[in-house]
Amino acid sequence: MGNKKTTAFSGAVLAAAMLALTACGGGDGATGEVAAPPADPKEVSGEIKVLTQRTDLIQNGTLRRYAAEFNKVYPKVRVDFDGITDYEGEVKIRMNTNGYGDVLFIPGAVAKNDYPKFFAPLGTTAELSKYRFADKTEVDGKVYGIAQFGTANGFVYNKKLWKRAGVTAWPKTPEEFLAGLKAVGEKTGATPYYTNFKDGWPLVQWTSNLGSVGCDAQASNALAGPVSPWKAGSELRTADGLLYDIVKQGLSEKDPTTTNWETSKALLGEGKIATMMLGSWAVTQMQDAAKRAGGEASDIGFMPFPVQKDGRHCAALVSDYQQAVSIHSRNKPAARAWIDWFTEKSGFAEKEGVVSAVKSAPMPATLKEFVDNDVSFFDRSEAKTAAVNDIDEAAEIGLNKQDYRQKLIDLARGAAKGSPEDFFADLDKRWDEAAKTAGS
């Protein structure tokens, strides 16, 4: 996996992380001291340690350059970075102690209701209303994390291939999308769609379409109950049904067991494959691949999921990792200063081509086509993430794991027996039974 992928994809991973943080010491939670924004930058001092999974940004000096810019505003604060490759696994272990840095991304292993045991509150929901996705870390009216950034979901595609196939307008229905893929295959010889089956994690990106399919900001929250999420006409059935049809109609790679993520970027850039379901974070990577192949960044486009409401496509914006301050930090003002500066002033989101957590910030260049084509953006609420996670875990489905979609693809390509109707009915049965148990 590429490092940039790791950070951008983490938001989807965290949306339904199934780990349980056991035997955890946590904080004493006695003070409840708010890590409030400091009033005077020149009065803030001390040393802070920032945990990150972006080891690449440490190795190439990028984070150190950000720290140097930060020090122009906060000259008395020293920022040290601790890069962790296995972020989820390592930080979960560290959180058995009091030493897990001053600033860190909230691991998926920490149950939402346990946030006050480990992290300092950053303020009330109202006080942090200028940030997107604040509800994801809200516990009893207090917010414990600020999103590093957000991302939209859609199809990264090679515009030259689709144009050669005669498709210049975004498909408005799944049927139009399938017809477009078929035209690409027939008229260009390229592989119309690439599943990235073997690496697996790109299949989870299909879950990120929740909300975009039905233009519903509450789509994720609506799963918190015995609601048969894969019933006919539902968001997940529409998305997973499209994936099934792509493979069933022979519009994806011939042997999905041999796919490779890093190779796929080059193949898309070179025009050997046409389309992949990914977050908007991936656009810059594909544009770089196109340029390395002798093409132009403009060869790569990003299209929304092929449905419309009231004549417009929709794009749900979902959060990446949430930045938090350790309850044990001895320099909470400095830690909060780093989070606010990095979120609002660093330019990180703009450079990475992702959506800023600051609501008033403009959309990134990677989503220019969405803006120009009047796509309807909205923040997908994740207020009931904990309840949805519990059901998903009990049902042993894994909305944010690749396994069930790999089984769906095996079914579609004839490597497993059964019908899609039975497959989705089984998912519904398991989900509903788990939801009833969880609610009892």
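Every chain begins its residue count from 1, and numbering advances along the sequence as written. This being a predicted model, a pLDDT of at least 70 is required before a residue's local features are given, and a value of 80 or more before pairs of side-chain atoms are given or counted; all residues contribute to the totals for chains, interfaces and linings. Side-chain measures were taken over the full set of non-hydrogen atoms in the model, leaving aside hydrogen atoms and water.

## What to know about the overall build of the chain
Item 1. When you go through the chain residue by residue, the secondary structure sums to 17 helices and 14 strands.
Item 2. The size measure is the radius of gyration over C-alpha atoms, and the globule rule it meets is 2.2 Å times the number of residues to the 0.38 power. At 22 Å, the chain has a C-alpha radius of gyration in line with the 22 Å of a compact globule built from 440 residues.
Item 3. Taken over the C-alpha atoms alone, the chain extends approximately 65 × 55 × 40 Å along its principal axes.
Item 4. When a residue's accessible area, from a 1.4 Å probe over protein chains only, is under 20% of the maximum for its type it is buried; when over 50% it is exposed; and in between it is partly exposed. Looking at the chain residue by residue over its 440 residues, the buried ones come to 57%.
Item 5. Whether two residues touch is decided by their heavy atoms; if any such pair falls within 4.5 Å, the residues are in contact. Taking all contacts inside the chain whose residues are at least 6 apart in sequence as the whole, residues at least 24 apart take part in 78%.
Item 6. Carbon and sulfur atoms form 48% of the exposed surface of the chain, whose accessible area is close to 18100 Å².
Item 7. The averaged location of the 56 negative side-chain charges in the chain is 4 Å from the averaged location of its 53 positive side-chain charges. Numbering of helices and strands starts at the N terminus; helices are DSSP runs of H or I of at least 4 residues and strands are runs of E of at least 2. Shrake-Rupley sampling with a 1.4 Å probe provides the accessible areas, and residues are treated as covered by the protein chains on show and by no other component. The convention is simple: Lys and Arg are positive, Asp and Glu are negative, and His and the chain ends are not counted. All charge positions are set by atom: Lys at NZ, Arg at CZ, Asp at CG, Glu at CD.

## Here we look at the environment of Phe 377
Item 1. By the element assignment, Phe 377 lies in strand β14 (residues 376-379).
Item 2. A relative accessible area of 24% places Phe 377 in the partly exposed class.
Item 3. With 165 residues separating them along the chain, Phe 377 and Ser 212 place their C-alpha atoms 8.8 Å apart.

## Topic: the sheet that holds strand β5 (residues 138-139)
Item 1. The sheet built from three strands is open, its strands ordered β4-β6-β5 with antiparallel pairing. Only two strands of the sheet have a single neighbouring strand rather than two, namely β4 (123-124) and β5.
Item 2. When DSSP locates at least two bridges between a pair of strands, those strands are taken to pair. Judged from the two bridges that link them, β5 and strand β6 (residues 142-143) form a sheet pairing that is antiparallel. When the bridges of β6 are listed, Val 139 appears paired with Lys 142.

## Topic: the nonpolar core
Item 1. We call a set of buried residues a nonpolar core when its members are Ala, Val, Leu, Ile, Met, Phe, Trp, Tyr or Cys and they connect through side-chain atoms within 4.5 Å of each other. Counting residues in each nonpolar core, the largest one holds 110 residues, and the members touching the most others are Trp 206 and Trp 338.
Item 2. When sequence neighbours within four positions are dropped, the list of residues in contact with Trp 206 reads Phe 155, Tyr 193, Ala 239, Asp 240, Leu 242, Leu 243, Ile 246, Met 277, Phe 305 and Arg 405.

## As for the pattern of salt bridges
Item 1. Here a salt bridge means any side-chain nitrogen of Lys or Arg lying within 4 Å of a carboxyl oxygen belonging to Asp or Glu. Overall, the coordinates contain 22 salt bridges when judged by the stated rule.
Item 2. Here Asp 374 and Arg 312 are joined by a salt bridge, their closest N and O atoms 3.2 Å apart. Of this pair, Asp 374 sits in the loop between α14 (368-372) and β14 while Arg 312 sits in the loop between β11 (300-303) and β12 (314-319), and the two are 62 residues apart along the sequence.
Item 3. On the basis of relative accessibility, which here comes to 45%, the residue Asp 374 falls in the partly exposed class.
Item 4. Given a relative accessible area of 33%, Arg 312 falls into the partly exposed group.
Item 5. Its salt-bridge partner being Asp 372, residue Lys 368 comes within 2.6 Å of it at the nearest N-O pair. Of the two residues, Lys 368 and Asp 372 both sit in helix α14, four residues apart, roughly one turn of that helix.
Item 6. What you see here is one network of salt bridges that share partners, running through Glu 47, Arg 78 and Asp 80.

## Describing the packing of helix α9 (residues 235-248) against helix α16 (residues 403-412)
Item 1. Two elements in contact, α9 and α16, have axes whose closest approach is 8 Å; the angle formed by their N-to-C orientations is 40°. The angle between α9 and α16 falls in the class oblique. Our pair here, α9 against α16, has a crossing hand that is right-handed. Contacts between α9 and α16 involve Leu 236, Asp 240, Leu 243, Tyr 244, Val 247 and Lys 248 from the first element and Tyr 404, Arg 405, Leu 408, Ile 409, Leu 411 and Ala 412 from the second.
Item 2. Residue classes follow a fixed rule: Ala, Val, Leu, Ile, Met, Phe, Trp, Tyr, Cys and Pro count as nonpolar, while Asp, Glu, Lys and Arg count as charged, and any other residue, Gly among them, counts as polar. Classifying every residue of the contact of α9 with α16 by side-chain character gives nine nonpolar, no polar and three charged. In this description, a line fitted to the C-alpha atoms serves as the axis of each element, helices being fitted only across the stretch in contact, and the angle between N-to-C directions of two axes falls anywhere from 0 to 180 degrees. Oblique is the label for any angle not under 35 degrees, not over 145, and not in the 65 to 115 range, which are roughly parallel, roughly antiparallel and roughly perpendicular in turn. A clockwise turn of the near helix away from the far one marks a right-handed crossing, whereas an anticlockwise turn of less than a right angle marks a left-handed crossing.

## Let's talk about the confidence of the model for the chain
Item 1. Confidence in the prediction for the chain averages 90 pLDDT; 92% of positions are at 70 or higher.
Item 2. As a per-residue measure, pLDDT tells how confident the predictor is, with possible values from 0 to 100. Counting interchain partners and residues more than four positions distant, the pLDDT-below-50 stretch residues 1-30 has 92 contacts.

## Focus on α16
Item 1. α16 sits mainly inside the fold: eight of its ten residues count as buried.
Item 2. Tyr 404, Arg 405, Gln 406, Leu 408, Ile 409, Asp 410, Leu 411 and Ala 412 are the residues of α16 that are buried.
Item 3. Following α16 by one or two positions, Gly 414 has its phi on the positive side, about 85°.

## Quick word on the environment of Val 283
Item 1. Counting through the fold element by element, Val 283 comes out in helix α11 (residues 283-292).
Item 2. When the C-alpha atoms of Val 283 and Glu 235 are compared, they prove to be 24 Å apart, with 48 residues separating the residues in sequence.
Item 3. Excluding residues within four positions of it along the chain, Val 283 makes contact with Val 156, Ile 300, Phe 302 and Thr 366.

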